[in-house]
Amino acid sequence: MSVSTAALDQSICAPLPVLGADVTVPLVTGGDVTYAALDYAASAPALQRVWDDVAAYAPYYGSVHRGAGYLSQLSTDLFESSRTTVADFLGCRPEDQVVFTRSTTDSLNLLASALPADCQVFVFETEHHASLLPWRDARVTYLDAPRTPAEAVATLERALSGRDPHGPALVCVTGASNVTGELWPVKELTSAAHAHGARIVLDAAQLAPHHPVDIADLDVDWVAFSGHKLYAPFGSGVLAGRADWLRDAEPYLAGGGASRKVARRADGGVDVEWHTTPARHEAGSPNVIGVYSIAAACRALTEAGFDRLVAREQQLVTRVREGLAGVPEVRVLSLFGDDAPRVGVISFVVEGWNSSHFAAALSAEYGIGVRDGLFCAHPLVRTLLGSEPQEPGECGAPEAEPGERSLNAIRVSFGAGTPDEHIERFLGAVRELVRTGARWSYRTEDGRCVPDRGAAQV
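Figured I'd write up the structure that's included with this text.

### Digging into the overall build of the protein
Logical step 1: Secondary structure assignment for the protein yields 14 helices and 19 strands.
Logical step 2: The C-alpha atoms of the protein give 23 Å as radius of gyration, which agrees with the globular expectation for 458 residues (23 Å, within 12%).
Logical step 3: Across its three principal directions, the C-alpha atoms of the protein cover 80 × 55 × 50 Å.
Logical step 4: Across the protein, every contact between residues at least 6 apart in sequence was considered, and the portion connecting residues at least 24 apart equals 71%.

In structure tokens, the structure reads:
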């Protein structure tokens, strides 16, 4: 997969309005500043359009499915029409199912629970933990980090050629790395998987917010993504794709909604007939507002013109990479090299700085929110850093005092709602911190680097 050339020829659009665009935050050095949210890869700010759509529906909130009242009927229609909206957004095939979950992690754990008996799973060590870890009950083959897209395909080919060709198999691969932002060769990997009788699931958590995803065009079997990375403000996610494994598996959760008919037996037990529709894996009262917010985000991105959004983001990617390249102390992390196509996710380290200290200074002294750590992709980041595993702190950020050798990395990420000014402020802050150092003292507290407000200013 590569960034569409056609997209780059489109006229550049303005950033989409997002919640929190005018929020100001205090600076440890005094005064306040408009917050620069540059941590989209963790959770993107909600689009204003999405929030407005949800607010318009909120007074009509009602129970979903089987309710006789008007609000229940309306909410049910909204919930099911959201399924159609998401299917259209993903280019689903007519026979595909869209199952609503809590997140990408939940979606992939659902699929893991639906694997046929004795299924083999193939996954690169470069995956986010959401797609690296759910397969514990299967026969898993972990593949080494490739250094080129072609090597990724060749590595998978070799692994699949040695498997039992008659048993079920699944390949799990990311569409865009949550560490480097690099796009993976999804079409080529899909062809390799299918040539060896394996299926493939695409982790699109970092791809869907930045780049169109078309299940039919990519020919993948399933796609998983999260609403909170797609500018939707609530805990919801999607697993979309082929119905057979999902239909044949025991429900992910047992309960109301998943069951079509329940009856007591003469011996005192219970017989259950489960749904064969997506409801089979959506037991309990669904997160209607979360689902609707995903559908609203899908509509907003489509109507804004996704190609134009991609073109603008590519300009921001180029600006950030060129700006960081102008600071000799900065090393940008990359798996496939400088020429690899990528989305707005960039990780780096700064010579002579502990990454937690650097990120804390960006926040406290400049009002810029980035992320530091291992980004729940420990094997990949350790490979890129060339370091051994350490005792992790929160989400894998090892405890280290300011000034120590970096044991983790800094990640800046952005998207459809990022104004140019935030990118320029970030680059200016990086240059100033490298040139002059932090203006405040910092200390480690609960595994995080924070301003030491009891100490004198540096």
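### As for helix α3 (residues 70-90)
Logical step 1: Taking 1.5 Å per residue, 21 residues should reach 30 Å; α3 reaches 30 Å between its end C-alpha atoms and fits that length.
Logical step 2: Taken together, the buried positions of α3 are occupied by Ser72, Ser75, Thr76, Leu78, Phe79, Ser82, Arg83, Thr85, Val86, Ala87, Phe89 and Leu90.
Logical step 3: Taken from the residues just after α3, Gly91 is the one with a positive phi, measuring 65 degrees.

### Some words on unusual backbone geometry
Logical step 1: Positioned with a positive phi, Tyr231 is a non-glycine residue whose angle comes to about 70 degrees.
Logical step 2: Assignment of secondary structure puts Tyr231 in the loop between β9 (222-226) and β10 (237-241).
Logical step 3: The class for Tyr231 is buried, based on a relative accessible area of 0%.

### A few points about the packing of helix α2 (residues 48-57) against helix α10 (residues 288-304)
Logical step 1: At a minimum axis separation of 9 Å, α2 and α10 run at an interaxial angle of 135 degrees. Between α2 and α10, the angle falls in the class oblique. Crossing geometry of α2 relative to α10 is assigned as right-handed. Contacts from Arg49, Val50, Asp53, Val54 and Tyr57 of α2 reach α10 at Val288, Ile289, Tyr292, Ser293, Ala296, Ala297, Arg299, Ala300 and Glu303.
Logical step 2: Class assignment for the residues of the contact of α2 with α10 results in nine nonpolar, one polar and four charged.

### With respect to the pairing of strand β12 (residues 270-274)
Two faces make up the sheet, and in a regular strand the side chains alternate between them.
Logical step 1: Examined bridge by bridge, strand β11 (residues 259-264) and β12 share five bridges and lie antiparallel to one another. In the sheet register, Ser259 faces β12, and the bridge partner there is Trp274.
Logical step 2: Linkage of β11 to β12, two consecutive antiparallel strands, is achieved through a turn of five residues, within which Gly268 is found at a positive phi near 100 degrees.

### Quick word on helix α14 (residues 420-436)
Logical step 1: Taking 1.5 Å of rise per residue, 17 residues should cover 24 Å, and α14 covers 24 Å from first to last C-alpha, within 8% of that figure.
Logical step 2: Burial in α14 covers these residues: His422, Ile423, Arg425, Phe426, Leu427, Ala429, Val430 and Leu433.

### Regarding the environment of Leu74
Logical step 1: Here Leu74 lies in helix α3.
Logical step 2: A relative accessible area of 23% means that Leu74 is categorised as partly exposed.
Logical step 3: Along the primary structure Leu74 and Tyr61 are separated by 13 residues, whereas in three dimensions their C-alpha atoms are 8.3 Å apart.

### Some details on the sheet that holds strand β13 (residues 330-332)
Logical step 1: If you trace the four strands from one edge of the open sheet to the other, you get β13-β14-β17-β16, paired in antiparallel fashion. On the outer flanks of this sheet lie β13 and β16 (371-373), each paired with one strand and no other. With strand direction ignored, the average angle separating the axes of adjacent strands in the sheet is 35 degrees.
Logical step 2: Across four bridges, the pairing between strand β14 (residues 345-350) and strand β17 (residues 409-413) is antiparallel.

### Description of the pattern of salt bridges
Logical step 1: The final tally for this structure, using the stated rule, is 25 salt bridges.
Logical step 2: Between Arg299 and Asp53 there is a salt bridge, with the nearest N and O atoms lying 3.8 Å from each other. Linking Arg299 in helix α10 with Asp53 in helix α2, this pair joins segments that are 246 residues apart in sequence.
Logical step 3: Residue class for Arg299 comes out partly exposed when judged on its relative accessible area of 23%.
Logical step 4: Judged by relative accessible area, Asp53 falls into the buried class, the value being 17%.
Logical step 5: Across the pair Asp244 and Arg199 runs a salt bridge whose closest N-O atoms are separated by 2.6 Å. Of this pair, Asp244 sits in helix α9 (residues 244-248) while Arg199 sits in strand β8 (residues 199-203), placing them 45 residues apart in sequence.
Logical step 6: Classification of Asp244 by relative accessible area gives partly exposed; the value is 24%.

### Comments concerning the packing of aromatic side chains
Logical step 1: Within the structure shown, the criterion is met by 11 aromatic pairs.
Logical step 2: Residues Tyr40 and Tyr231 carry aromatic rings whose centres are separated by 6.0 Å and whose planes lie at 75 degrees to one another, so their mutual orientation is edge-to-face. On the criterion of sequence distance, the pair formed by Tyr40 in the loop between β3 (36-37) and α2 and Tyr231 in the loop between β9 and β10 is long-range, its members being 191 residues apart.
Logical step 3: Note on Tyr40: relative accessible area 4%, which makes it buried.

### Things to note about the sheet that holds β9
In a beta sheet, neighbouring strands are held together by backbone hydrogen bonds and run either parallel or antiparallel to one another.
Logical step 1: If you trace the seven strands from one edge of the open sheet to the other, you get β4-β10-β9-β8-β7-β5-β6, paired in mixed fashion. Looking at strand neighbours, the two that pair on one side only are β4 (97-101) and β6 (139-143), the edges of this open sheet. Ignoring strand direction, the axes of neighbouring strands in this sheet form an average angle of 20 degrees.
Logical step 2: Strand direction decides the pairing type here: strand β7 (residues 169-174) and β8, joined by five bridges, are parallel. By the bridge assignment, Thr174 is partnered in β8 with Asp203.
Logical step 3: Against the sheet, helix α4 (residues 104-113) makes contact with β4, β7, β8, β9 and β10, and its axis sits at roughly 150 degrees relative to β9, the strand it touches most.
Logical step 4: Against the sheet, helix α6 (residues 149-161) makes contact with β5 (120-124), β6 and β7, and its axis sits at roughly 160 degrees relative to β5, the strand it touches most.

The rules behind each value
Residues numbered from 1 in each chain as written. Predicted model: local features only at pLDDT ≥ 70, side-chain atom pairs only at ≥ 80, totals over all residues. Heavy atoms only, no water. Helix = DSSP H or I, 4+ residues; strand = E, 2+ residues; numbered from the N terminus. Rg over C-alpha atoms; globule rule 2.2 N^0.38 Å. Contact = heavy atoms within 4.5 Å. Expected span 1.5 Å × (residues − 1). Buried < 20%, exposed > 50% of the residue type's maximum accessible area, 1.4 Å probe, protein only. Axes fitted to C-alpha atoms, helices over the stretch in contact; angles between N-to-C directions. Parallel < 35°, antiparallel > 145°, perpendicular 65-115°, else oblique. Left-handed = near helix turned anticlockwise from the far one by under 90°. Nonpolar A, V, L, I, M, F, W, Y, C, P; charged D, E, K, R; others polar. Pairing = 2+ DSSP bridges. Salt bridge = Lys/Arg side-chain N within 4 Å of Asp/Glu carboxyl O. Phe/Tyr/Trp six-rings, centres within 6.5 Å; stacked < 30°, edge-to-face > 60°.

No statement about biological role is implied by the geometric values presented.
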